[in-house]
Amino acid sequence: MIIRMMKYWLCGVAFFLCSISNNYAQKKAPDPYGPVPTENQMRWQEMKYYAFVHFSLNTYTDQSWGFGNEDVKLFNPLKLDCRQWARICRDAGMKGIILTVKHHCGFCLWPSKYTEYSVKNAPWKNGHGDVVRELADACREYGLKLGIYLSPWDRNSPDYGKPEYITYFRNQLTELLTNYGPIFEVWFDGANGGSGYYGGANETRTIDRTTYYDWQNTYKLIRRLQPDCVIWNDGGDRADLRWVGTEGGLVGETNWSLLNAKGEVEWNMLHHGLENGDSWVPAEVNTSIRPEWFYHPHEDSQVKTVPQLMETYYNSIGRNGTLLLNFPIMPNGLIHPNDEKAALGLARAVKEAFAVNLAANKKASASNVRGNANEFGPDKSIDNINDTYWATDDDVTNASLTIDFGKPTTFNRFLVQEYIRLGQRVKAFTVEALVDGHWMQLAKATTIGYKRILRFPAIKATAVRLNITGSKSCPVISNIGIYNAPQILAAPSITRNQSGEVTITPADMESVIYYTLASGQPTSKSKKYTGPFPSEGKLEISAIAYEPATGKSSPVSREKFDISRKNWRIVGLADEKANLILDGNPSTAWHQSKDEKMPIDLVLDLGGEQKLCGFKYLPDQGNTTGAIAKYQFFVSPDNTEWKLVDEGEFPNIKNNPLWQTRSFTPINARYIKLRAVREVNGNNDAGYAEVDVITK
């Protein structure tokens with residue numbers, strides 16, 4: 001009997017001790033799961049938003065990329081003011097500036113002692129200027145961090161493609177990393193090799209992007225000279241940050257901050273990350289405030305609107321990325337007023353959208369709390385402290401957290417953050433609202449990461465519930481925000497089809513459209529759009545979306561159309577789908593037969609003689625292949641005698657597939673021929689969304 005009682009007593013003690021041990025283990029903070037960010041990566045992620053600045057010799061030649069033979073005497077920005085750049089960036093809410101200190105043309109914005117192709121031989125400040133120094137000083141004054149973009153490809157250097165160039169490249173990098181103070185990011189472009197001046201050789205040079213630069217030793221140099229900076233590299237060994245596969249201003253809705261340390265990285269990995277990657281490589285979204293990276297006067301009216309920039313904000317920072325927004329500097333050395341206005345408008349819109357966190361000081365509850373400990377309670381997700389978080393027990397990967405408003409409350413944004421110092425965990429989640437006593441789903445999403453922002457139509461509810469429906473390990477949620485962002489009217493789109501019919505499409509069905517057939521400012525007193533209307537010849541249209549209830553108007557949409565394409569026809573092709581390139585819809589496209597081999601010609605009959613002075617080409621917007629990288633353009637009066645009027649390349653068209661516009665000496669012709677000489681990937685594939693001409 002005594003022995004039996006002793007057994008019961010020992011079992012009870014053992015159970016009690018196990019309970020204490022298990023409860024202690026659950027009160028302990030969760031262990032990190034998978035790869036985690038370094039301190040450098042955390043500092044970078046917390047910056048969230050910073051500027052790119054593009055400025056070089058091709059600013060003065062109206063080119064996308066310089067060839068390497070541009071005259072250094074062109075560089076003379078008489079009003080250059082890096083303090084203006086820094087002031088605008090600070091006021092726009094940015095935390096740093098990355099300057100293109102050397103782009104592909106090889107021209108250096110600092111007086112490098114390793115080349116004559118730099119500011120020291122420019123007329124600006126009689127050769128005593130240093131743009132990098134002036135920007136470093138301005139950043140320090142305005143509380144911004146400084147980063148540098150140094151192009152590995154150098155179309156000016158006679159040594160590019162040879163081993164000697166790597167020494168030259170590292171010497172320049174050393175100058176930059178030792179003479180200008182702390183550098184938060186070093187940015188290496190992925191454009192490598194091609195045609196160039198190369199010290200007068202004027203030839204095409206190719207390199208093996210995976211081995212030529214010996215990146216690992218370059219990384220060691222950077223980490224020795226600037227141990228606190230992060231490295232962005234799209235052209236070689238894995239660095240600290242990754243490109244997202246597009247310059248359009250968005251990363252995938254599913255976005256893991258992970259990749260594998262070795263192996264090729266396909267587009268899907270760039271855009272979405274890799275769920276089970278073995279290295280922390282977060283996404284940086286780079287895009288320009290204008291269509292292109294360098295300044296072009298004709299883009300002064302094409303600066304992105306505040307609604308467009310807000311879309312970029314949600315699709316970058318709101319999808320677990322950072323945003324690197326570019327300012328092209330004008331030839332006089334200043335940021336254009338239109339660019340400044342747009343950037344400051346974005347700052348105001350973001351501030352207004354997230355001004356009041358409706359979740360603050362509300363009651364929070366959860367289906368599970370780690371060890372029932374207060375330090376991991378649901379209230380930690382709404383305490384506005386970055387280093388606290390709600391966490392569940394180790395074996396709980398599906399859980400919910402509810403925020404009770406206490407009264408019906410209207411909202412349309414949901415923000416959630418993971419405590420990523422312990423790894424990225426959540427694979428799937430939903431957001432629900434309690435409306436009239438019933439739960440209804442508002443949104444369903446996948447990854448969270450550092451920050452995820454979901455948008456949905458405004459709804460009035462008494463409570464909100466976050467449901468974690470899939471997680472690699474116990475979820476750790478550091479912050480939740482609920483907001484009612486004011487509506488921002490987006491500008492309508494304007495298209496004209498081949499027959500000349502004009503369609504103006506609002507971004508939402510509630511807006512009323514007003515337009516003018518001129519370049520003036522349309523108002524609610526302008527002509528009201530009621531449906532598609534016919535047009536002939538050259539035409540300029542300006543339109544706004546207008547909300548009668550509030551009296552608010554959208555930014556102005558402006559489109560210029562050249563001659564009507566009503567009588568155009570494609571010559572020598574029986575495929576009716578080819579007419580998609582003339583339908584005026586940039587979302588449709590056509591590709592030449594796969595049996596065709598480069599060079600591939602597209603011949604168009606304009607239906608009559610026209611005085612031509614240029615042409616426009618838009619690549620397929622829904623396909624990463626088929627974009628023409630190198631071209632020739634011919635004209636003819638009779639489809640027999642052809643004259644070459646322009647040839648060249650469409651730089652960066654693969655990463656930034658925008659309208660390509662080229663001008664030439666005016667000439668009368670009825671037929672045009674666009675010859676695809678080389679496709680961006682070297683394939684026998686020529687694709688077209690739209691082709692148009694410019695007439696005198």
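In this text, all values refer to a predicted model and were calculated from it rather than measured experimentally.

Here is what the cut-offs are and how they apply
- Residues numbered from 1 in each chain as written.
- Predicted model: local features only at pLDDT ≥ 70, side-chain atom pairs only at ≥ 80, totals over all residues.
- Heavy atoms only, no water.
- Helix = DSSP H or I, 4+ residues; strand = E, 2+ residues; numbered from the N terminus.
- Axes fitted to C-alpha atoms, helices over the stretch in contact; angles between N-to-C directions.
- Parallel < 35°, antiparallel > 145°, perpendicular 65-115°, else oblique.
- Contact = heavy atoms within 4.5 Å.
- Nonpolar A, V, L, I, M, F, W, Y, C, P; charged D, E, K, R; others polar.
- Core = buried A, V, L, I, M, F, W, Y, C linked by side-chain atoms within 4.5 Å.
- Buried < 20%, exposed > 50% of the residue type's maximum accessible area, 1.4 Å probe, protein only.
- Pairing = 2+ DSSP bridges.
- Salt bridge = Lys/Arg side-chain N within 4 Å of Asp/Glu carboxyl O.
- Phe/Tyr/Trp six-rings, centres within 6.5 Å; stacked < 30°, edge-to-face > 60°.
- Lys NZ or Arg CZ within 6 Å of the ring centre and 35° of its normal.
- 1 Å grid on protein atoms, 1.4 Å probe; cavity = no way out; pocket = protein on both sides within 12 Å on 5 of 7 lines; lining within 4 Å.
- Points joined across faces, edges and corners; volume = space filled by probe spheres on them.

Undergrad: I keep staring at unusual backbone geometry and nothing clicks. Help me out?
TA: Phi is mostly negative for residues that are not glycine, and the peptide bonds are mostly trans. Look at the link from Met598 to Pro599: it is a cis peptide, with omega at 0 degrees. Assignment of secondary structure puts Pro599 in the loop between β27 (590-591) and β28 (600-618). Although it is not a glycine, Asp436 adopts a positive phi angle of roughly 50 degrees. Tracing the sequence through the fold places Asp436 in the loop between β15 (426-435) and β16 (438-445). Phi at Asn652 takes a positive value of approximately 60 degrees, unusual for a residue other than glycine. Note that Asn652 resides in the loop between β30 (643-649) and β31 (660-679).

Undergrad: Please clarify how the packing of helix α3 (residues 82-91) against helix α9 (residues 337-353) should be interpreted in this entry.
TA: Each pair of packed helices can be summarised by the angle the axes make with each other and by the distance between the axes. Viewed as axis vectors pointing N to C, α3 and α9 meet at an angle of 25 degrees, and their least axial separation amounts to 8 Å. Between α3 and α9, the crossing angle belongs to the class labelled roughly parallel. Two secondary-structure elements touch here, α3 through Arg87, Ile88 and Asp91 and α9 through Glu340, Leu344 and Ala347. Here the residues of the contact of α3 with α9 are counted per class, giving three nonpolar, no polar and three charged.

Undergrad: Help me understand the nonpolar core in this model?
TA: Buried together is how nonpolar side chains tend to be arranged in soluble globular proteins. By size, the foremost hydrophobic cluster in this structure holds 92 residues, and its most contacted members are Phe75 and Trp85. Every residue in contact with Trp85, bar those within four places of it in the chain, is listed here: Val53, Phe55, Leu80, Ile97, Leu99, Val131, Leu135, Ile329, Gly333, Leu334 and Ile335. Ranked by size, the runner-up nonpolar core spans 39 residues in total, among them Leu422, Ile448, Val464 and Val476.

Undergrad: What is the right way to look at the sheet that holds strand β10 (residues 283-288) in this model?
TA: Across a sheet, paired strands are connected by hydrogen bonds in the backbone, their directions being either parallel or antiparallel. In space, the seven strands of this open sheet follow the order β7-β4-β3-β2-β1-β11-β10, with parallel pairing throughout. Unpaired on one side and paired on the other, β7 (230-233) and β10 mark the two borders of the sheet. Neighbour-to-neighbour, the strand axes of this sheet turn through a mean angle of 25 degrees, independent of strand direction. Relative to strand β2 (residues 96-102), strand β1 (residues 49-54) runs parallel, the two sharing three bridges. From the neighbouring strand, Ala51 faces β2, where its bridge partner is Ile97. Helix α4 (residues 131-142) rests against β2 and β3 (145-150) of the sheet, and its axis sits at about 175 degrees to β2.

Undergrad: Please explain the environment of Phe429 as it appears in this structure.
TA: By secondary structure assignment, the location of Phe429 is in strand β15. Residue Phe429 is classed as buried on the basis of its relative accessible area, which comes to 1%. Placed 310 residues apart in sequence, Phe429 and Val119 show a C-alpha to C-alpha distance of 53 Å.

Undergrad: When you look at the pattern of salt bridges in this model, what are you seeing that I'm missing?
TA: Opposite charge on two side chains makes pairing possible when the charged atoms of those side chains draw close. Taken as a whole, this structure holds 26 salt bridges when the rule is applied. Taking the shortest distance from any N to any O, the salt bridge between Arg83 and Glu141 comes out at 2.7 Å. Pair noted here: Arg83 is in helix α3 and Glu141 is in helix α4, with a separation of 58 residues, a long-range link. For Glu141, a relative accessible area of 47% translates into the label partly exposed. Taking the shortest distance from any N to any O, the salt bridge between Arg170 and Asp214 comes out at 3.1 Å. With a gap of 44 residues between them, Arg170 in helix α5 (residues 163-179) and Asp214 in the loop between β6 (203-205) and α6 (215-225) connect regions that are remote in the sequence.

Undergrad: Help me out: how do you make sense of the packing of aromatic side chains in this one?
TA: When we look at a pair of aromatic rings, we describe it by the centre distance and by the angle of the planes. Tallied over the full model, the rule gives 45 aromatic pairs. Ring geometry for Tyr149 against Trp187: centres 5.5 Å apart, planes inclined by 20 degrees, an arrangement best described as stacked. Taken as a pair, Tyr149 in strand β3 and Trp187 in strand β4 (residues 185-188) lie far apart in primary sequence, 38 residues in all. Trp187 sits in the buried class, given a relative accessible area of 3%. Three or more aromatic residues link up through ring pairs in this structure, and these residues are Tyr160, Tyr165, Tyr168, Phe169, Phe188, Tyr198, Tyr212, Tyr213, Trp215 and Tyr219. The ring centre of Trp659 lies 4.7 Å from the NZ or CZ of Lys616, which sits over that ring. Positioned above the aromatic ring of Phe634, the side-chain terminus of Lys673 is 5.3 Å from the ring centre.

Undergrad: Would you take a moment to explain the layout of surface pockets for this structure?
TA: If a probe as big as a water molecule is rolled over the atoms, it shows which places are left empty. If you add up the space inside the second largest pocket, you get close to 780 Å³. Taken together, 36 residues make up the lining of the second largest pocket; nearest its centre are Lys48, Gln417, Tyr450, Lys451 and Asn479. Contributing elements (two or more residues each) for the lining of the second largest pocket: α2 (39-47), α9, β14 (399-418) and β18 (476-483). Looking at the lining of the second largest pocket residue by residue, the class counts come to 20 nonpolar, seven polar and nine charged.

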